[in-house]
Number of protein chains: 2
Amino acid sequence: MSVVAVDGFAAAGGHVGIKGAGQPDCAVVACTTPAPASAAAVFTTNLAAAAPVTVARAHLAATGGRARAVLVTSGNANAATGAGGVAGAEALCAAVGAACASSPTEVLLAQTGLIGVPFDFAGVAPAVAALCATAGTTDAHGAAAARAILTTDAVPKTHLGVHEGFRVGAMAKGAAMLAPNLATMLAVLTTDAACGPGLLGELLRDAVAPTFNRVHVDGSTSTNDTVCLLASGLAGPVVPERLGEALTEACASLARQMVDDAEGATRTATVTVSGATSDHQAHIAARAVAGSLLVKCSLHGADPYWGRVVAELGAAGVDFALDRVTVRYGNTVVCSGGEPAPHDAAAVAAHLARRQVELDCDLGLGGGRASVLCCDLGPGYLDENRSTS
Amino acid sequence: MSVVAVDGFAAAGGHVGIKGAGQPDCAVVACTTPAPASAAAVFTTNLAAAAPVTVARAHLAATGGRARAVLVTSGNANAATGAGGVAGAEALCAAVGAACASSPTEVLLAQTGLIGVPFDFAGVAPAVAALCATAGTTDAHGAAAARAILTTDAVPKTHLGVHEGFRVGAMAKGAAMLAPNLATMLAVLTTDAACGPGLLGELLRDAVAPTFNRVHVDGSTSTNDTVCLLASGLAGPVVPERLGEALTEACASLARQMVDDAEGATRTATVTVSGATSDHQAHIAARAVAGSLLVKCSLHGADPYWGRVVAELGAAGVDFALDRVTVRYGNTVVCSGGEPAPHDAAAVAAHLARRQVELDCDLGLGGGRASVLCCDLGPGYLDENRSTS
């Protein structure tokens, strides 16, 4: 399954000495074709971006979108670590490059863990090189890689899309509520479709926008968020639209798995705003509802308090007229024209008791529409995040 | 104490039938001078503003800034209640107007409680009128009024400023974390200074900006937030700067009391951002840190994880260069130049264990500076907000 179920890729996962006690803390995904893979990536917009983000960006620019391998480590974010952190990240890439007989710039890097904790990454470089030598293409290799990138995720997150003439494989670590770290979201995707780096980047950005960028767990944008995509080309050219759809499917699957596995979360809600004056305004409004602590608390308690939803919509900063607003839980309208609507309370209660719920808000003003995936706020989040020690 | 310790004002607080079992749910503050008071108010920016906000705004506009009384009720926000809600709000103002021998438009109204729950406010109008008849100027009257406006606040919030030649009295109910309600923040201020409504409004807005508007509990802007100020004029004219300072002092006192009493909160932090390229950017950055769930969780656990602080600054959308950033807990620098700074961990731990903590971030870019007051996120918030039933 996952990244190695795609022609032209091998992977390994194991312990290199970042976490304690032999815990898996490093994965490598390598392209096994003679030429390096086409590569594209989407990085965090955080201006406090971590060293691995700086390095991976520079490498992609230097190669014009070619990569031999992606290295992912967990346990230390290598963020706010200054010049030493950048040197450590480069040392890791050099070790992988040497092990894979490629240039260090053909290695991409993603790291996750605590921020502001210096670490001797050069010291673990030999172990990283040794791990690269064990890379293989079996399910066990793919599973080991998917497990090694986790922090406090409960379960690995993988995806395999088998499409006509090509495949897309993927693995990820979860979004937010992952104590004691920030909401780092890392994903590696592979495909055997042949596609130049320019188009690959375009398709990846289009796939990330409606999926990973429409998730709201705690609203924090990590210093390390990274989504990497490598294309081996072994399956030959693919209609770009088909590849784009497959990538979006993979990202959507991983995004859903991340929200479902957010720590402390017991319920996932799809918040949809329609009837906005634009899709952009709908997205802003949906994000305001999905990001509200009060709404998240209501979701945790399965409490049908739509007043909080209306209040968040009114404060979202978008075009809004209370008397045009309709709110639904599942198929049940609870607010119509901005006022309480007579409804089947038992139907609402039954819907809210589910693991997956739907919250739909129609602003009644236009054709704009957007959905955001969020989770509830439960005591588990507090337990995980009150202390890093 | 509070609103009645100012010449020209009487108050009453008691039960009018909104909450159950005789609980206090209504307060009135009335001006006892022959002419009505000068009046000004600041209202929520929420576009889903409640009926009392709509009505109070209209009354202030109709009178040009004159008011005989302010009525405050708790237990039902009268928000998202349509035309019936507005009629109910007007009925309450008419009852107070009749009891005080004034026009209904000379009555301002603020309400707090559940959103989207229709209530027969006209039905409680007789009880409201009866309550008005009991208004008086003793401490007991002021205390009863301050208690009647609370929802789940643990303690009443009042302030009395005795200045040279004039006084400012005030009462408020708390900001956010007030289950099962939204973050409604209501305050009534009185002064015996003589001041026309135009200047009064200007001074009130200037007093609210650096105080109530610099509080972050859960980021929700209520449908009902209202700050009312009445001036009896009995102390004669006052230098505007002195009155402005006194109003700011009163608002700052109430804001601090609100954050300290936010439900579930165990710690209050003053987040200060300096070195920003403007005061506005400093405010945005301070708000991002103060509003971060991860930072709030760290505060609850007294955990000195400054990595989260740096990450929120980098994602705040302001000018930012990681290698210029300094972070302090109290007087101890923990991050300098965007990297870990050697420091006295025991001093940081001692500071973070306090009830009131200081978190200072210097962006190192300019002279912009702002502070935001916030609280931690503890299990009490979840307990209070998971269900309204």
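Residues numbered from 1 in each chain as written. Chains lettered and ligands numbered in written order. Predicted model: local features only at pLDDT ≥ 70, side-chain atom pairs only at ≥ 80, totals over all residues. Heavy atoms only, no water.

**Focus: the overall build of chain A**
What counts is decided by this rule: Comment: elements are numbered from the N terminus, with helices defined as DSSP H or I runs of at least four residues and strands as E runs of at least two. Our radius of gyration looks at C-alpha atoms and nothing else; its globule reference is 2.2 Å times the residue count to the power 0.38. A simple rule labels every residue: compare its accessible area, found with a 1.4 Å probe on the protein chains alone, to the largest value its type can have, and call it buried under 20%, exposed over 50%, or partly exposed in between. Should any heavy atoms of two residues lie within 4.5 Å, those residues are counted as being in contact. Counted charges follow a simple rule, with Lys and Arg positive, Asp and Glu negative, and His plus the chain ends left uncounted. Each charge is placed at NZ for Lys, CZ for Arg, CG for Asp and CD for Glu.
Of regular secondary structure, chain A possesses 11 helices and 17 strands. Its C-alpha atoms give chain A a radius of gyration of 22 Å, within 12% of the compact-globule value 21 Å for 389 residues. Considering only C-alpha atoms, chain A reaches an extent of 70 × 50 × 35 Å along its principal axes. A total of 389 residues make up chain A; the buried ones form 60% of that total. In chain A, of all internal contacts separated by at least 6 residues, the share reaching a separation of at least 24 is 78%. Separation between the mean location of the 22 positive side-chain charges and that of the 32 negative ones in chain A comes to 1 Å.

**Topic: the environment of His283(B)**
Turning to its location among the elements, His283(B) is positioned in helix H7 (residues 279–290). On a C-alpha basis, the gap between His283(B) and Val273(B) in space is 7.3 Å, while along the polypeptide they are 10 residues apart.

**Section: the environment of Glu245(A)**
Residues and elements named next belong to chain A. With respect to the secondary-structure elements, glutamate 245 resides in helix H6 (residues 240–260). Look at glutamate 245 and you get partly exposed, because its relative accessible area is 45%. For the pair glutamate 245 and glycine 233, spaced 12 residues apart in sequence, the C-alpha to C-alpha distance is 17 Å.

**Describing the sheet that holds strand S15 (residues 339–340) of chain B**
Residues and elements named next belong to chain B. As a reminder, the rule being used: For two strands to be treated as a pair, DSSP must find no fewer than two bridges joining them. Think of each axis as a best-fit line through the C-alpha atoms, taken over the contacting stretch in the case of a helix, with angles from 0 to 180 degrees between the N-to-C directions.
Pairing within the open sheet is mixed, and its 7 strands lie in the order S10-S17-S12-S16-S13-S14-S15. A strand with exactly one partner marks an edge of an open sheet, and here the two such strands are strand S10 (215–216) and S15. In this structure, S10 lies alongside strand S17 (residues 368–375), joined through 2 bridges in parallel fashion. Bridge pairing in S17 places histidine 216 opposite cysteine 374. Along the sheet, H7 contacts S10, strand S12 (268–276), strand S16 (356–362) and S17; its crossing angle with S17, the most-contacted strand, is approximately 25°.

**Remarks on the relation of the copies chain A and chain B**
Our working rule: Alignment of the copies relies on least squares applied to C-alpha atoms, considering only residues that score at least 70 for pLDDT in both.
Between chain A and chain B, the superposition needs a rotation of 180° and an axial shift of 0.0 Å, giving an RMSD of 0.0 Å. These values place the two chain copies in the arrangement generated by a two-fold rotation axis. Minimal C-alpha distance to the rotation axis in chain A is attained by Pro379(A), lying at 3.2 Å. Looking at the interface residues of chain A, 100% of them are also at the interface in chain B, so both copies use one shared face.

**Re helix H5 (residues 197–208) of chain A**
All names here are of chain A. Note the threshold: In a helix, the anticipated span is given by 1.5 Å times the number of residues less one. By arc we mean the arc of the directions from the helix axis to the C-beta atoms, nothing more.
A rise of 1.5 Å per residue sets the reference length of H5, with its 12 residues, at 16 Å; its end C-alpha atoms lie 16 Å apart and thus fit the reference within 8%. Of the residues making up H5, those classed as buried are Pro197, Leu200, Gly201, Leu203, Leu204, Ala207 and Val208. For H5, the buried positions fall inside an angular range of 165° around the axis, keeping them on one side. In H5, those exposed residues whose orientation departs by more than 90 degrees from the buried face are Gly198 and Asp206. Among the structural elements, strand S3 (37–43), strand S4 (66–67), strand S11 (226–237) and H6 are those in contact with the buried residues of H5.

**Considering the pattern of salt bridges**
Think of it this way: side chains of opposite charge can pair up when their charged atoms draw near. As a reminder of what qualifies: Here, a salt bridge means any Lys or Arg side-chain nitrogen found within 4 Å of an Asp or Glu carboxyl oxygen.
Counted by the stated rule, this structure contains 6 salt bridges over all chains. Note that Lys157(B) is salt-bridged to Asp153(B), the shortest N-O span being 3.0 Å. We note that Lys157(B), like Asp153(B), is buried. The shortest N-O distance in the salt bridge between Glu245(B) and Arg242(B) comes to 3.0 Å. Taken as a pair, Glu245(B) and Arg242(B) lie in helix H6 (residues 240–260) at a separation of 3 residues, close to a single helical turn. Given the relative accessible area of 42%, Arg242(B) is considered partly exposed. In this structure, a network of salt bridges that share partners links the residues Asp153(A), Lys157(A) and Asp261(A).

**Side note on the interface of chain A and chain B**
The criterion, for reference: Accessible-area loss on putting two parts together, using a 1.4 Å probe and summing over both, is the definition of buried area adopted here. Amino acids are sorted into nonpolar (Ala, Val, Leu, Ile, Met, Phe, Trp, Tyr, Cys and Pro), charged (Asp, Glu, Lys and Arg) and polar (every other residue, Gly among them).
At the interface, 52 residues of chain A touch 52 residues of chain B. Overall, the association of chain A and chain B removes approximately 4100 Å² of surface from exposure, summing both partners, and the carbon and sulfur fraction of that is 63%. Counting every contact that joins chain A to chain B gives 0 salt bridges. Residue assignment for the side of chain A that touches chain B shows that the elements contributing at least two residues are helix H2 (82–99), strand S6 (107–114), helix H8 (293–300), helix H9 (306–314), strand S15 (339–340) and helix H11 (379–385) of chain A. With 7 residues, the top contributor of residues to the side of chain A that touches chain B is H9(A). Class assignment for the residues of the side of chain A that touches chain B results in 26 nonpolar, 20 polar and 6 charged.

**Some details on the state of the cysteines**
Where we set the bar: Count a disulfide wherever a pair of cysteine sulfur atoms falls within 2.5 Å.
For the structure shown, the criterion picks out 0 disulfides over all chains. Free cysteine: Cys297(A), not disulfide-bonded; nearest cysteine sulfur from Cys297(B) at 11 Å. Cys195(B) takes part in no disulfide bond, and the closest cysteine sulfur, belonging to Cys31(B), lies 14 Å away. Taking the relative accessible area as the measure of exposure, Cys195(B) reaches 12% and is therefore buried.

**Considering the packing of helix H1 (residues 51–63) of chain B against helix H2 (residues 82–99) of chain B**
Residues and elements named next belong to chain B. Formally: Geometric relationships in this document are graded by angle, where less than 35 degrees denotes roughly parallel, more than 145 denotes roughly antiparallel, 65 to 115 denotes roughly perpendicular, and other angles denote oblique. In a left-handed crossing the near helix is turned counterclockwise from the far helix by less than a right angle, and in a right-handed crossing that turn is clockwise.
Contact pair H1 / H2: the axes reach a minimum separation of 8 Å and the direction vectors enclose 55°. When the interaxial angle is binned, H1 and H2 end up oblique. In this structure, H1 crosses over H2, and the sense of that crossing is right-handed. Between H1 and H2, the contacting residues are Ala51, Pro52, Val55 and His59 on the first element and Gly85, Val86, Ala89, Glu90 and Cys93 on the second.

**Structural notes on the sheet that holds strand S8 (residues 166–173) of chain B**
Hydrogen bonds between backbone groups are what pair the strands of a sheet, and the pairing can be parallel or antiparallel. All names here are of chain B. Ordered in space as S4-S3-S11-S9-S8-S7, the 6 strands form an open sheet in which the pairing is mixed. Whereas interior strands pair on both sides, the edge strands pair on one side only; in this sheet they are strand S4 (66–67) and strand S7 (157–163). Across 8 bridges, the pairing between strand S9 (residues 186–194) and strand S11 (residues 226–237) is parallel. By the bridge assignment for S11, valine 188 is matched with cysteine 228. Contacting strand S3 (37–43), S4 and S11, helix H5 (residues 197–208) crosses the sheet at an angle of about 35° to S3.

**Some words on the side chain of His283(A)**
Its relative accessible area of 16% is what places His283(A) among the buried residues. Dropping the residues within four chain positions of it, His283(A) is found in contact with Asn213(A), Arg214(A), Ala370(A) and Val372(A).

**Focus on the packing of helix H7 (residues 279–290) of chain A against H9(A)**
Residue and element names in this part refer to chain A. Running from N to C, H7 and H9 point in directions that differ by 135°, and their axes come no closer than 9 Å. Comparing their axes, H9 and H7 come out oblique. Judged by the sense of rotation from one axis to the other, the crossing of H7 with H9 is right-handed. Facing H7, whose interface residues are Ala285, Ala288 and Val289, H9 presents Val309, Glu312 and Leu313. Residue composition of the contact of H7 with H9, by class: 5 nonpolar, no polar and 1 charged.

**Some points on H8(A)**
Put simply, the rule reads: Whenever two N or O atoms come within 3.5 Å, that pair is a polar contact, provided that in protein one can donate a hydrogen and the other can accept it, and provided that, for residues adjacent in sequence, both atoms are side-chain atoms.
Extensive coverage of H8(A) is indicated by the burial of 8 of its 8 residues. The distance from a side-chain oxygen at the start of H8(A) to the backbone nitrogen of Leu294(A) is 3.2 Å, and the residue carrying that oxygen is Ser292(A).

**Let's talk about the confidence of the model for chain A**
Cut-off, in case you're wondering: As a per-residue measure, pLDDT tells how confident the predictor is, with possible values from 0 to 100.
Taken as a whole, chain A shows an average pLDDT of 91; of its residues, 96% reach a score of 70 or greater. Scored as a complex, the prediction yields pTM 0.84 and ipTM 0.84.

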